[in-house]
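Analysis of the macromolecular model
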Amino acid sequence: HAGIATQMVVERELAKAVEIYPKYAVAWSALGRTYEARKEYEEARKAYQSALAADSKLVPPYEGLYMIAVREANWKDVADTTDTIIRLNPFDFPHAFYFNAIARLNLNDLPAAEKSCREFLKMDKQRRLPKASYVLGIILAQKAEYGEAAQHLKSFLEAAPNAKEAETVRRQLAEVEKFAKATPQQ
């Protein structure tokens, strides 16, 4: 209960701060995170938008907004918001490339999805997010680039053999490999 009480005090202090100084973008952003943590997404969205109204170059509110849009499967908003982050500060927020790739894939913009996914993979040198290889494999399979698609699907399975989607990926890999054999060299 101490954590909840502390969280309520923090939220009360943040609300007081933005009441006194409505252009306090960092406080609005932090307030958005507290709402988001409680799954109060509409309040979080309003707080993030207030943060951006105060400072349109502050990146964390954009991150909060695109995560809400991901939950809602609002791929246009995810794409637009991650595009903004990529313009403002791609180096400190590399996950924007990953979510941009997923959004672009869902919007059937395969060239942009591929570009974003490759950018993310360049930045994720330690392969902390193996699922990016899976996403790139799906993108490439949809572009009928089966050989490279298979490589990325295998890379995902090597890095995350027990992932919840591993069995699905194994089936997809088998299909992609069939297409790769049936298709002349790329």
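Read on for a plain summary of the structure. Quantities reported herein were computed from a predicted structural model and do not represent experimental measurements.

1. Description of the packing of helix α8 (residues 131-142) against helix α10 (residues 166-182)
Between α8 and α10, the shortest axis-to-axis distance is 12 Å and the interhelical angle comes to 35°. Remark: the crossing between α8 and α10 carries left-handed chirality. On α10, the residues that touch Tyr134, Ile138 and Ala141 of α8 are Thr168, Val169, Gln172 and Val176. Of the residues assigned to the contact of α8 with α10, the class counts are five nonpolar, two polar and no charged.

2. Considering helix α2 (residues 25-37)
The end-to-end C-alpha separation of α2 is 18 Å, in line with the 18 Å expected for 13 residues at 1.5 Å each. Here α2 lies mainly inside the structure; ten of its 13 residues are buried. Among the residues of α2, Ala25, Ala27, Trp28, Ser29, Ala30, Leu31, Gly32, Thr34, Tyr35 and Glu36 are the ones counted as buried. Phi turns positive one or two residues past the end of α2, at lysine 39, with a value near 65°.

3. A look at the pattern of salt bridges
Think of it this way: side chains of opposite charge can pair up when their charged atoms draw near. Evaluation of the coordinates by the stated rule reveals 19 salt bridges. One salt bridge in this structure joins arginine 118 and glutamate 148, with 2.8 Å as the shortest N-O distance. In this pair, arginine 118 sits in helix α7 (residues 110-123) while glutamate 148 sits in helix α9 (residues 146-159), placing the two residues 30 residues apart along the sequence. For arginine 118, a relative accessible area of 27% puts it in the partly exposed group. A relative accessible area of 25% means that glutamate 148 is categorised as partly exposed. In this structure, lysine 154 and glutamate 177 form a salt bridge, with 3.2 Å as the shortest nitrogen-oxygen distance. Of this pair, lysine 154 sits in helix α9 while glutamate 177 sits in helix α10, placing them 23 residues apart in sequence. A relative accessible area of 37% means that lysine 154 is categorised as partly exposed. Members of the salt-bridge network, linked through shared partners, are Glu114, Arg118, Lys143, Glu145 and Glu148.

Conventions we followed
Residues numbered from 1 in each chain as written. Predicted model: local features only at pLDDT ≥ 70, side-chain atom pairs only at ≥ 80, totals over all residues. Heavy atoms only, no water. Axes fitted to C-alpha atoms, helices over the stretch in contact; angles between N-to-C directions. Helix = DSSP H or I, 4+ residues; strand = E, 2+ residues; numbered from the N terminus. Left-handed = near helix turned anticlockwise from the far one by under 90°. Contact = heavy atoms within 4.5 Å. Nonpolar A, V, L, I, M, F, W, Y, C, P; charged D, E, K, R; others polar. Expected span 1.5 Å × (residues − 1). Buried < 20%, exposed > 50% of the residue type's maximum accessible area, 1.4 Å probe, protein only. Salt bridge = Lys/Arg side-chain N within 4 Å of Asp/Glu carboxyl O.

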